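Understanding the architecture of this molecule
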Amino acid sequence: MTRFRTYREVDPSTESRLLEQVQEQGERLRQRLARVGPVVAVASGKGGVGKSAITANLAAMLSAEGLRVGVVDADLNGPSLVRMLGAVGARLGDDSAGVIPATGAGGVRVISMELLQDGEDTPLQWREPGTHSYLWQSSIEASALRELLADVAWGELDTLLVDVPPGTDKIRRLLQLVPGLSGMLIVTTPGELSRSVVARSLGLVRDVGVPVVGLICNMAGYLCPECGKRHALFPGRAPEALTERFEVPLWAEIPFDPRMGASTDHGLPWVLEEGSGAIADTFRELSGRFRDTLLPVESPSGKPPSADPAPGDRA
C-alpha cells in the first residue's frame, strides 16, 4: 500500500528546507493577521451569483462608514476585484515590511493576482513540471494564496474580506490556510440550482464550525430603474430552504439592478455612486449587520474603528 507523508513527518534537516519554509510562512501569516480585525470570507461554491460584486460593494460601504478595510481576491485564475474597485494599473509598494497593497475605491486596500501580472489579458501560468501539471496545480495555487495573505503588509485593519472563487474545494482550502476565520458570508440566488450547490458549501462550513455564517441572496428580484418596483427574476425559494435546513440567518436580499453591475464593472462600486436607493439601503443594512455581529467595539489597535491610517501605517 502506498503511504503518503505529511509535512509533520518530513525530516527538517533536508537541504530543501521545505518544512521550515512552510512553518515560517505560517508564522508570518499569523503575525500579519494579528494586526487585522475579523477575517471574513465571501463565498458561494457556485459561480455566476455576483459574489465579487457583493464583496466590492460591501467593502466600499464599510470603508465609507469609517472602517479600515482590506480585500483579498482569492480567485487566482479569474480575478475581478481590482477592476471592480477601480485599481487597474495600480502599482504595489514593496519595503522591508512586505508588499504594500493597492488602494481602490473608497480607500479599500486590495491585493490580487491581477496586480502581479503583465497586462490584464495575460493568462495565469504556473511553473510546474512539464508533465502531469494538474497534479501540482492545487498545491501551487494554495502556496500562492498563502503568500498573498502572508507577504502583504496590511497594517492595522478593522476587517479583511476574502473573495473565495467558486467550488467547495476552494472554501476548504481557505479554511485550512486561515483556521481562525471569523466568519463567512455565503451568497446564493433564488433558483433551485443555486440552492443545491450552496447547500454543499453550507454543509462544509457547518461541519468545520465557522463561528459566524450569514446567507446573502443576490438577484432577489429585478429592480426596475424607471418605476422602482421589484419584480420576480428567478423562480425558486433557495433562501427560505437554506435558512430552514441549516439554521443560518438571512443577512440580506439584494435586488438585481443593471446599473449596479455596470457601475461596479467600471471600477466604482454602486453604493458609492448611488448613495441612496434600494440597493444602497440594502448594503447599508448589511454593513450594519456585519458590524454588529463581527466587529469588536475597538479595532485591533485598541482604538475606535477609523478610516484614517494609524501612525506609521501605510495603505
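Because the structure is predicted, anything quoted here is derived from the model rather than measured.

Attention now moves to the pattern of salt bridges. This model, assessed by the stated rule, comprises 10 salt bridges. Among the ionic pairs, E156 bridges to R35, the shortest N-O distance being 3.9 Å. Within this pair, whereas E156 is found in the loop between α4 (134–150) and β7 (159–163), its partner R35 is found in the loop between α1 (18–33) and β1 (39–43), the two being separated by 121 residues in sequence. Of the residues examined, E156 reaches a relative accessible area of 15% and is grouped as buried. Overall, the relative accessible area of 40% leaves R35 in the partly exposed class. Measuring nitrogen to oxygen at the nearest pair gives 2.7 Å for the salt bridge that ties R259 to D257. Among the residues examined, R259 registers a relative accessible area of 35% and is labelled partly exposed. Taking relative accessible area as the criterion, D257 reaches 3% and is therefore assigned buried. Linked through salt bridges whose partners overlap, the residues forming this network are R35, R68, E156 and D158.

Before going further, it helps to spend a moment on the confidence of the model for the chain. Of the residues in the chain, 78% reach a pLDDT of 70 or more, and the chain-wide mean stands at 82. Note that residues 1–12 has pLDDT below 50 and, in this model, 9 contacts with residues that lie over four places away or in other chains. The low-confidence segment residues 307–315 (pLDDT under 50) makes 23 contacts with residues lying over four places distant or belonging to another chain.

Let us look at helix α2 (residues 51–64). Each full turn of the α-helix corresponds to 3.6 residues, which orients residues three or four apart in the same direction. An ideal rise of 1.5 Å per residue puts 20 Å on 14 residues; α2 measures up with 20 Å between its terminal C-alpha atoms. Burial analysis of α2 places 13 of its 14 residues in the buried class, the great majority of the element. G66 sits one or two positions beyond α2 and adopts a positive phi of about 105 degrees.

Before going further, it helps to examine the pairing of strand β6 (residues 109–112). Residues R109 and I111 of β6 are buried on one face, and the alternating residues V110 and S112, pointing to the opposite face, are buried as well. Across 4 bridges, strand β2 (residues 69–73) lies against β6 in parallel orientation. Paired with V72 across the two strands is I111, which belongs to β6. Two strands pair when backbone bridges link them, and strand β5 (residues 102–103) and β6 are joined in this way by 2 bridges, in the antiparallel orientation. Looking across to β6, one finds that A102 is bridged to V110. Remark: 5 residues form the turn of the hairpin made by β5 and β6, two consecutive strands paired antiparallel; G106 in that turn has positive phi of roughly 70 degrees.

A few words now on a nonpolar patch on the surface. Taken together, the side chains of L233, F234 and F256 present a nonpolar region at the surface, about 240 Å² in accessible area. By the secondary structure assignment, F234 is in the loop between β10 (230–231) and α7 (238–246).

Right, let's talk about the environment of V152 for a bit. Residue position: V152 is located in the loop between α4 and β7. Distance in space between the C-alpha atoms of V152 and R32 is 7.8 Å, their sequence separation being 120 residues. Aside from chain neighbours lying at most four places away, what touches V152 is R32, V99, P101, I111 and E147.

The next thing to look at is unusual backbone geometry. When glycine is set aside, most residues are seen to have a negative phi, and most peptide bonds are trans. Unusually for a residue other than glycine, M219 sits at a positive phi of about 55 degrees. Structurally, M219 can be placed in strand β9 (residues 212–223). Judged by relative accessible area, which is 16%, M219 ranks as buried. For E247, which is not a glycine, the phi torsion comes out positive at approximately 55 degrees.

Cut-off values and rules
- What you see as residue numbers is a count from 1 along each chain, following the sequence as written.
- The model is predicted, so local features are restricted to residues of pLDDT at least 70 and side-chain atom pairs to those at 80 or more, both for listing and for counting; the totals for chains, interfaces and linings are taken over all residues.
- By convention in this description, side-chain values take in all heavy atoms of the structure and omit both hydrogens and water.
- Salt bridge criterion: a side-chain nitrogen from Lys or Arg within 4 Å of a carboxyl oxygen from Asp or Glu.
- For the purposes of this entry, the term helix denotes a DSSP run of H or I that reaches at least four residues, the term strand denotes a run of E that reaches at least two, and both are numbered from the N terminus.
- Here's how the labels work: a residue is buried when its accessible area is under 20% of the maximum for its type, exposed when over 50%, partly exposed in between, all with a 1.4 Å probe on protein chains only.
- Scored between 0 and 100, pLDDT is the confidence that the predictor attaches to each residue.
- Here, residues are in contact when the closest pair of their heavy atoms is within 4.5 Å.
- One fewer than the residue count of a helix, multiplied by 1.5 Å, yields its expected span.
- A pair of strands is labelled paired if DSSP reports no fewer than 2 bridges between them.
- Exposure above 30% relative accessible area and no salt bridge define the residues that can form patches, which grow by joining like charges within 9 Å and nonpolar side chains of Val, Leu, Ile, Met, Phe, Trp and Tyr within 5 Å.
- In these tables, accessible area is a Shrake-Rupley quantity obtained with a 1.4 Å probe, and a residue counts as shielded only by the protein chains included in the view.

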